[in-house]
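Descriptive analysis of the structure
If you want the building blocks of each chain, they are given just below.
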Amino acid sequence: MPVVYLILITFGAAGLFLALPGRGQAFGRIGLLMLLGLVAASIAMLLPQLGGLGDRVAFALLAGIGLFGAIRVITHPRPVYSALFFIVLVVAMGGLLVLMNAGFVASALLIIYAGAILVTYLFVIMLAQQGTETAPYDASAREPLWGVLAGFLVLGTLTGHVLSGDAANELAAPAAGVLGTVGDVRPVGELLLTEYVVGVQLAGVLLLAAMVGAVAIAKRQAALQEEAG
Amino acid sequence: MLLPYLCFGAALFALGLVGFVTRRNLIIIFLCTEMMFQGIVINLVAFGRYPLAGNAPILDGQVFALFLLVVAAAEAALALALVVLLFRHRPSLDANVWAELKER
C-alpha cells in the first residue's frame, strides 16, 4: 500500500510539473491527463469509505469537478480563466457541503465567493489586463520544480498517514452510528447568536476595519494620481 | 465517511500552496490563498459532520466555516486594493517587478 501511494503521488507531482505554464502546450496536455488520472484513481480508492450508492456517485462527481477546477486555476495561463475555474471549484464545494448537510454554509459560500469575491477578482483582472495576448509573466512559472516538490510533500504528509490503513479504520469507526439532522439552518443560527455572539460582533468589527482600510488605500491612490497629473 | 472529505481538503490546500509558490501573477497568488481557505472550510465542516468522539454531529464546525468566510472577504477586499495600488505604481501584475522589496 505505501508503495502504491508513493508511486501515485510522484506521478501526480510529475503531472503538475508538466501542466504548470511554461512547458509548452503538448507537455501541458500530457501533464493535465496525468493529473486527471491521479484524481480519478484517488477518488476510486476513497469511495469504499462512503456510505450509500447515491453518496458515492455524488462525491465522485463533485470531488472530480472540484479538483479539475482547482488544477486549472493554477495551471491556466490566462488569469480570467483561472478566476472562472475557481467559480467551478466553489460550485463543486457547495455541492460537497450540501452532501454533508451543511446547506447554510453551502449557500453562504456560493453567494459570498462565487457572487461577491470572485466577481471582484474578475473586475480587477479585467481592469489590469485588457489585451488579448498572454502576458509573459503568466506564461511561465517561478521555480516550478521546488514549488511542486514542496506542495506534494505537504500533501503526502497530510494524507499519507490517513491512507496507510490503520488510521482509516480508526476514523471510520465512530461515524457508523446514527446521525442527527444537521441540515437545518435553525440550530446553526441559534449557536451563532448564543454561544458565538461575541465572535459575530468581532466579525462585524473586522469587516468594518477592512472596509476602512480599503477606503484609505483608495484615497491614497487618488492623492498619488493628483500628484502625478 | 470522514476520510474522503479530509483528503479533498488536503488536495485543495496543497494545490493552493503550489500555485501560491509558482505563479507570478499577483492576482493568481491571492486566488491561491482563497483556494487554501476552501480546503480548510471542507475540513471544518467534515469534522463537525463526522466527529471523532460520539455520534452526534457538532455544529461548531459550520460556525467556524462562516467566520472563515468573513475573514476571506475582508482579506480579498484589502488584497485587491493593495494590488490595484501596486498596479498604479508600475503597470504590471508580475510579482518579480517588486523583487527589490525582498532582503538580499
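Procedures and definitions
Residues numbered from 1 in each chain as written. Chains lettered and ligands numbered in written order. Predicted model: local features only at pLDDT ≥ 70, side-chain atom pairs only at ≥ 80, totals over all residues. Helix = DSSP H or I, 4+ residues; strand = E, 2+ residues; numbered from the N terminus. Buried ≥ 20, exposed ≤ 12 C-beta atoms within 10 Å, placed from the backbone. Contact = placed C-beta atoms within 7 Å. Rg over C-alpha atoms; globule rule 2.2 N^0.38 Å. Axes fitted to C-alpha atoms, helices over the stretch in contact; angles between N-to-C directions. Parallel < 35°, antiparallel > 145°, perpendicular 65-115°, else oblique. Nonpolar A, V, L, I, M, F, W, Y, C, P; charged D, E, K, R; others polar. pLDDT = per-residue confidence, 0-100. Core = buried A, V, L, I, M, F, W, Y, C linked by C-beta atoms within 7 Å. Domains from an automatic or database assignment. Expected span 1.5 Å × (residues − 1). Arc of directions from axis to C-beta.

With that out of the way, let us pick up the overall build of chain A. Looking only at helices and strands, one finds nine helices and zero strands in chain A. Taking all 229 residues of chain A together, the buried fraction comes to 31%. If you take every contact in chain A between residues at least 6 apart in sequence, the share linking residues at least 24 apart comes to 57%.

A count of helices and strands for chain B gives three helices and zero strands. The secondary structure elements of chain B, listed N-terminal to C-terminal, are α-α-α. In terms of C-alpha radius of gyration, chain B reaches 17 Å, well past the compact-globule figure of 13 Å for 104 residues. Oriented by its inertia axes, the alpha-carbon framework of chain B measures out at about 55 × 25 × 20 Å. Buried positions account for 58% of the 104 residues belonging to chain B. In chain B, 50% of the contacts between residues at least 6 apart in sequence involve partners at least 24 apart.

It is worth spelling out the packing of helix α5 (residues 103-128) of chain A against helix α3 (residues 60-89) of chain B at this point. Relative orientation of the contacting elements α5(A) and α3(B) amounts to 5°, with a least axis distance of 11 Å. Classed by the angle they form, the pair α5(A) and α3(B) counts as roughly parallel. Between α5(A), through F104(A), V105(A), A108(A), L109(A), I112(A), A116(A), I117(A), T120(A), Y121(A), V124(A) and A128(A), and α3(B), the contact on the second element is made entirely by Q62(B), A65(B), L66(B), L69(B), A72(B), A73(B), A76(B), L80(B), V83(B), V84(B) and F87(B). Tallied by class, residues from the contact of α5(A) with α3(B) come to 20 nonpolar, two polar and no charged.

Of all residues in chain A, 89% attain a pLDDT of 70 or more, and the chain-wide mean is 85. Predicted confidence for residues 174-178 of chain A stays below pLDDT 50, and this span has nine contacts to residues more than four positions away or in other chains.

For the rest of this paragraph, the subject is the environment of V205(A). Residues and elements named next belong to chain A. Locating V205 in the fold gives a position in helix α9 (residues 197-228). Classification of V205 by C-beta neighbours within 10 Å gives exposed; the count is 9. Taking the C-alpha atoms as reference points, V205 and A222, separated by 17 residues in sequence, lie 26 Å from one another.

On to the nonpolar core, then. With 91 residues, the main nonpolar core has I27(B), L31(B) and V45(B) as its most contacted residues. The dominant element in this core, judged by the number of residues it contributes, is helix α1 (residues 3-22) of chain B, at 14 residues. Built from parts of two domains, this core gets at least three residues from each of domain 1 (1-49 + 142-174) and domain 2 (56-140) of chain A.

Chain A puts 82 residues into the contact, and the matching count from chain B is 67 residues. Secondary structure elements with two or more residues in the side of chain A that touches chain B: α2 (25-46), α3 (53-75), α4 (79-99), α5, α6 (144-160), α7 (166-172), α8 (185-194) and α9 of chain A. Of the residues that constitute the side of chain A that touches chain B, the class distribution is 63 nonpolar, 15 polar and four charged.

Right, let's get into unusual backbone geometry. Residues and elements named next belong to chain A. You will see that N101, though not glycine, has its phi angle at about 65°, which is positive. Mapping N101 onto the fold places it in the loop between α4 and α5. Its 20 C-beta neighbours within 10 Å are what place N101 among the buried residues. The phi dihedral of E143 falls on the positive side, at around 50°, and the residue is not glycine.

Locating P91(B) in the fold gives a position in the segment after α3. For the pair P91(B) and R23(B), spaced 68 residues apart in sequence, the C-alpha to C-alpha distance is 18 Å.

This part covers the packing of α4(A) against helix α2 (residues 26-49) of chain B. Where α4(A) meets α2(B), the closest approach of the two axes is 11 Å, and the angle between their N-to-C directions is 5°. Here α4(A) lies roughly parallel to α2(B), going by the angle between them. Residue-level inspection shows P79(A), S82(A), A83(A), F86(A), L89(A), M93(A), L96(A) and L97(A) of α4(A) in contact with α2(B), the latter providing I27(B), I28(B), L31(B), Q38(B), I42(B) and V45(B).

So, on to α1(B). Taking 1.5 Å per residue, 20 residues should reach 28 Å; α1(B) reaches 28 Å between its end C-alpha atoms and fits that length. Within α1(B), 19 of the 20 residues are buried, which leaves the element mostly enclosed by the surrounding structure.

What follows concerns α6(A). Side chains of residues three or four places apart in an α-helix project in the same direction, reflecting 3.6 residues per turn. For α6(A), built from 17 residues, the straight-helix expectation of 24 Å at 1.5 Å per residue is met to within 8% by its first-to-last C-alpha distance of 23 Å. P144(A), G147(A), V148(A), G151(A), F152(A), L155(A), G156(A) and T159(A) are the residues of α6(A) that are buried. Seen end-on, α6(A) carries its buried residues on one side only, within an arc spanning 160°. Residues of α6(A) that are exposed and point over 90 degrees away from its buried face: W146(A) and T157(A). On the buried face of α6(A), the contacting elements are α1 (2-19) of chain A together with α1 of chain B.

Next up on the list: the confidence of the model for chain B. Mean pLDDT over chain B stands at 88; residues scoring 70 or higher make up 98%. What the predictor reports for the complex is a pTM of 0.89 with an ipTM of 0.92.

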